[in-house]
Amino acid sequence: MAMFSSLRNWVDERFGWNELIAPLRKKTVPRHKLSYWYFLGGITLFLFIIQVLTGILLLLYYRPGATEAFESVQYIMTQVQFGWLVRSIHSWSANLMIFTAFAHMFSVLFLKAYRKPRELTWLTGMVLLFLVLGFGFSGYLLPWNTLAFFATKVGTEITGQVPLVGKPLMVFLRGGEDVTGATLTRFFGFHVAVLPGLATLLIGVHLLLVQRFGISVPPRLQAEWMAKPANQREMKFFPNFLLRELMAWYVALGVLGALAAIIPWDLGVKADPFVSAPAGIKPEWYFLFMFQTLKLIPSKVAGIDGEVLGILGFGVIALLWLLIPFFERDHASRTRQWITGIAVFALAYITGMTIYGHFAP
Amino acid sequence: MDILRLKIRAAILLPVLLSLYLPAAQAQKPAPAQTQVKNSCLDCHSILPDELGVTEEKFSHDIHAQKGLTCVSCHGGDANNDDAEKSMSRAAGFKGKIDRKQIPQLCANCHSDPAYMRQYNPSLRTDQLSQYKTSVHGKRLAAGDTKVAVCVDCHSVHDLRPPSDPQSKVHPSNVATTCSRCHADASYMSSYKIPTNQFAGYSKSVHHNALAVRGDLSAPTCTTCHGNHAASPPGVANVANVCSTCHVFQAQLFGSSPHQEAFNAAGLPGCVTCHSNHEIVHPNDEFIGTGDKSICTQCHTDGDAGFVAASSIKQQLDQLAAAISSADQILGRAERSGMEVSQPQLELSQAKDALTKARVTIHSFKPALLEADIKVGMATASKDYEAGKKAMEERNYRRVGLGFSLIAILMVLAGLRMYIRRIEEKDNDENPSVVHP
């Protein structure tokens with residue numbers, strides 16, 4: 001302890017450490033029965049950190065390229081010491097991160113944490129969610145197995161349906177007309193350079209905004225606390241909230257370890273572009289609700305191609321979702337009720353369609 | 001003068017007579033181009049009952065119709081004439097229903113003429129009639145037996161499709177059914193005193209399974225072994241030759257085996273003695289050895305050299321099969337536990353290949369030869385079993401590691417919880433305004 005104190009003093013003398021963390025010591029976090037939802041953002045951040053660390057370790061052995069990618073992942077899983085653990089944790093934490101990012105987004109919606117002055121926090125969070133989906137889409141192809149190959153083929157084909165920019169965008173993503181080794185190299189670039197760069201920048205802005213505006217209190221509770229200030233409960237951000245967050249991270253780590261050890265992530269069979277696609281090919285679970293919706297739309301709706309209509313529909317919904325905080329101007333409480341209703345519907349729709357898509361032939 | 005007049009008349013009439021004769025001669029072999037303006041035959045025959053009825057729709061599927069030939073091409077007559085009396089008159093060359101005995105020759109008029117057939121299909125064989133004459137069917141027909149198969153019985157008539165057409169009666173997938181129409185009919189075949197169970201047997205065979213179930217059109221059907229136009233049962237001495245057209249290695253090994261000479265001496269056909277002729281079921285290891293289902297014990301008795309060899313061969317096969325099964329099971333368990341064992345699983349296919357090769361080597365009936373294949377298979381299977389065992393040990397190691405990690409995580413969580421409680425109790429004591437319920 002003495003050594004720790006002298007080290008802190010050493011840093012404090014040079015960088016003013018105590019002064020730097022003084023605001024954190026004063027910072028408080030509201031405490032109520034829904035406080036647990038506040039941990040979701042932190043868990044998502046923790047999983048992102050895990051992604052970065054395991055990703056760097058995988059990079060030591062992974063070789064992008066149609067002839068080497070599968071074999072290199074196979075080598076990592078069978079020959080490299082704890083390679084199986086690193087790869088399984090990377091894959092499982094990626095999926096858990098997407099899940100917690102969605103859960104965080106819905107918790108923010110239901111707790112109305114997006115409202116003024118936190119519009120930019122919501123915007124950066126939504127862009128981060130899209131980036132997380134981008135991580136999932138680009139990373140899924142990297143082991144170059146059959147399922148990933150054909151899922152990418154289907155996924156990029158759907159992109160190609162977007163009017164005007166679809167075809168060039170598809171060619172850009174694929175690095176040509178078809179999914180080939182060029183697509184793999186390109187996706188690898190997006191996955192390890194472009195997306196992490198953007199994500200790190202946005203996470204920084206997102207965290208800065210969270211620190212700047214503090215943690216939101218649900219409107220109803222806020223009104224109650226304003227009426228009866230004695231009922232207000234809060235805890236210190238440092239160390240009380242951070243220690244609790246640390247507990248949540250440990251729980252996440254335990255879940256992650258258990259999943260990686262009991263259900264190691266499958267490698268599958270090496271992709272062969274010359275064989276036909278396996279029957280009932282489906283994308284990863286987080287794209288399943290969109291995929292299933294597109295499958296259910298008739299081929300022609302009022303003379304317009306059904307798939308194009310579906311893609312445009314999802315595009316418009318995503319844009320409106322992004323702008324949710326800006327709809328709250330007049331009649332805020334009524335707008336919030338509407339938003340809650342839509343959020344409940346969206347959650348039910350995504351869950352229902354994902355389950356339906358999973359079991360559909 | 002009379003002679004001169006006769007010469008003049010002859011000079012005038014001969015070209016006329018020749019011009020009358022030539023079209024009649026050409027009618028023996030239909031013209032390739034569609035010289036016929038109409039086909040009035042179908043006007044009536046499309047509405048006649050079965051025996052004489054041929055609908056336009058049915059005839060349109062016939063390869064001859066598709067190539068521009070008409071009823072007249074085979075039956076003669078004049079299809080341009082709407083008057084039935086004239087169109088089907090002898091003067092118009094009408095032949096009527098073709099006598100069964102004449103059918104092979106009628107078909108051969110075109111199909112045995114390479115120059116004529118070249119214009120339709122240059123690669124088509126033109127020796128069908130000469131082959132047919134050597135067949136049991138052809139010989140019996142020549143002897144006056146009209147019950148035997150002629151061209152139209154197998155190829156159909158009026159809707160004769162090319163063999164490549166899946167609906168053709170001689171398409172590989174339909175050949176056995178076509179032959180069975182006569183050969184499985186006990187009453188029809190009674191006068192020939194030959195078995196009628198060939199189709200029933202073939203239907204249970206590995207060949208039928210390959211052809212009908214797996215859709216492998218290269219799998220053998222009746223004509224593969226018996227020939228098509230020259231169809232006849234292969235003699236005892238030739239059976240092995242027939243089978244060896246596909247089963248090359250088995251035939252070579254059998255040829256050098258002690259059985260070759262013994263079978264010849266006993267007048268036993270090579271392959272079918274053990275594998276049957278039509279009911280050739282998928283062979284299994286029980287065929288060999290000295291067990292209840294063994295074929296070897298039909299000839300060999302306890303104590304003779306063949307009996308000992310059969311027992312040794314069976315033992316070796318069982319040993320390799322068991323080793324492969326053990327490796328397969330443990331690798332399967334490891335795979336279901338999420339372990340990456342695709343490489344040893346792939347390698348195990350080499351052991352399976354060695355077992356397959358050993359099963360082929362059996363046809364040498366030499367245990368020493370078999371041993372080489374078994375050794376290769378055993379080495380691979382053992383290696384893969386070890387890989388599976390190692391994968392299972394690794395799985396258990398991971399789970400133990402997980403257990404320890406979870407205990408450590410739980411301890412940290414408990415420690416953190418206790419620490420948080422302690423600092424919050426301390427905070428409450430020092431600063432009651434920040435409430436920690």
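Draft legend 1. Molecular detail of the overall build of chain B. Scanning chain B from terminus to terminus reveals 23 helices and zero strands. Counting the 437 residues in chain B, one finds 24% classified as buried. In chain B, the proportion of contacts linking residues at least 24 apart, taken out of those at least 6 apart, comes to 57%.

Draft legend 2. The arrangement of the overall build of chain A in detail. Along the backbone of chain A there are 14 helices and four strands. Per-residue burial over chain A gives 31% buried out of 361 residues. The contacts of chain A with a sequence gap of at least 6 include a subset with a gap of at least 24, amounting to 77%.

Draft legend 3. Local environment of the interface of chain A and chain B. Tallying the contact residues gives 24 residues for chain A and 23 residues for chain B. Elements supplying a minimum of two residues to the side of chain A that touches chain B: α4 (69-78), β2 (234-236) and α11 (237-262) of chain A. When residues in the side of chain A that touches chain B are grouped by element, the largest group, twelve residues, is from α11 of chain A. Residue composition of the side of chain A that touches chain B, by class: 14 nonpolar, five polar and five charged.

Draft legend 4. Here's a closer look at helix α7 (residues 146-159) of chain A. Residue and element names in this part refer to chain A. Taking 1.5 Å of rise per residue, the 14 residues of α7 would be expected to cover 20 Å, and the 20 Å separating its terminal C-alpha atoms lies within 8% of that figure. Here α7 has its buried residues at Ala148, Phe149, Phe150, Ala151, Thr152, Gly155, Thr156 and Ile158. Where α7 is buried, its residues contact α6 (119-141), α8 (166-174), α9 (181-213), α12 (285-296) and α13 (306-322).

Draft legend 5. How the structure looks around the packing of helix α3 (residues 39-59) of chain A against α9 of chain A. All names here are of chain A. With their axes 12 Å apart at the nearest point, α3 and α9 run at an angle of 150° to one another. In terms of axis orientation, α3 runs roughly antiparallel to α9. Relative to α9, the crossing made by α3 is left-handed. For the pair α3 and α9, the contacting residues are Leu45, Phe48, Val52, Gly55 and Leu59 in the first and Val192, Pro196 and Ile203 in the second. Residue composition of the contact of α3 with α9, grouped by class: seven nonpolar, one polar and no charged.

Draft legend 6. The environment of Thr297 of chain B, seen in detail. All names here are of chain B. Mapped onto the elements, Thr297 comes out in the loop between α20 (272-275) and α21 (305-336). Exposure remark for Thr297: the 16 C-beta atoms within 10 Å place this residue in the partly exposed category. Sequence separation of Thr297 and Phe287 is ten residues, and the distance between their C-alpha atoms is 9.6 Å.

Draft legend 7. Inspection of the nonpolar core at higher detail. Within the largest apolar cluster, 60 residues are counted, with the highest numbers of intra-cluster contacts made by Leu47, Met97, Leu141, Trp144 and Ala148 of chain A. Looking at this core, the elements that each hand over two or more residues are α3, α4, α5 (83-110), α6, α7, α9 and α11 of chain A. In terms of residue count, α5 of chain A provides more of this core than any other element does, 13 residues in total. Apart from the residues within four sequence positions on either side, Leu47 of chain A is in contact with Ser93, Leu96, Met97, Thr100 and Ala252 of chain A. Formed by 27 residues, the second largest nonpolar core is a distinct cluster that contains Ile288, Leu348, Ile374 and Tyr385 of chain B.

Draft legend 8. Expanded view of the packing of α5 of chain A against helix α14 (residues 332-359) of chain A. Residues and elements named next belong to chain A. Between α5 and α14, the shortest axis-to-axis distance is 9 Å and the interhelical angle comes to 155°. In this view, α5 runs roughly antiparallel relative to α14, as classed from their interaxial angle. Helix-helix and strand crossings are classified by hand; for α5 and α14 the assignment is left-handed. Across the interface between the two elements, Phe106, Leu109 and Phe110 of α5 pack against Ile339, Thr340, Ala343 and Leu347 of α14.

Draft legend 9. Fine view of the confidence of the model for chain B. Residue and element names in this part refer to chain B. With 89% of its residues at a pLDDT of at least 70, chain B reaches an overall mean of 86. Across residues 10-27 the pLDDT falls below 50, and counting only partners more than four positions away or on other chains, this stretch makes four contacts in the model. Here the predicted complex carries an ipTM of 0.84, next to a pTM of 0.69.

The rules behind the values
Every chain is numbered independently, its residues counted from 1 as its sequence is written. Think of it this way: whatever chain is written first is A, whatever ligand is written first is 1, and the rest follow in order. This being a predicted model, a pLDDT of at least 70 is required before a residue's local features are given, and a value of 80 or more before pairs of side-chain atoms are given or counted; all residues contribute to the totals for chains, interfaces and linings. The numbering of helices and of strands both runs from the N terminus, where a helix is a DSSP run of H or I of at least 4 residues and a strand a run of E of at least 2. Counting other C-beta atoms within 10 Å of its own, a residue is labelled buried from 20 upward, exposed at 12 or fewer, and partly exposed in the gap between, with every C-beta atom placed from the backbone. Two residues qualify as a contact pair if the distance between their C-beta atoms, derived from the backbone, is within 7 Å. Ten residues, namely Ala, Val, Leu, Ile, Met, Phe, Trp, Tyr, Cys and Pro, are considered nonpolar, four, namely Asp, Glu, Lys and Arg, are considered charged, and the remaining ones, Gly among them, are considered polar. Helix span, expected: 1.5 Å multiplied by one less than the number of residues in the helix. Axis definition: a line fitted to C-alpha atoms, over the contacting stretch in the case of helices. Angles run 0 to 180 degrees between N-to-C directions. Reported orientations rely on four angle classes, namely roughly parallel under 35 degrees, roughly antiparallel over 145, roughly perpendicular from 65 to 115, and oblique for the rest. By definition, turning the near helix anticlockwise from the far helix through less than a right angle yields a left-handed crossing, and turning it clockwise yields a right-handed one. One nonpolar core equals one set of buried Ala, Val, Leu, Ile, Met, Phe, Trp, Tyr and Cys residues connected by C-beta atoms within 7 Å. A residue's pLDDT is the confidence the predictor assigns to it, expressed on a 0 to 100 scale.

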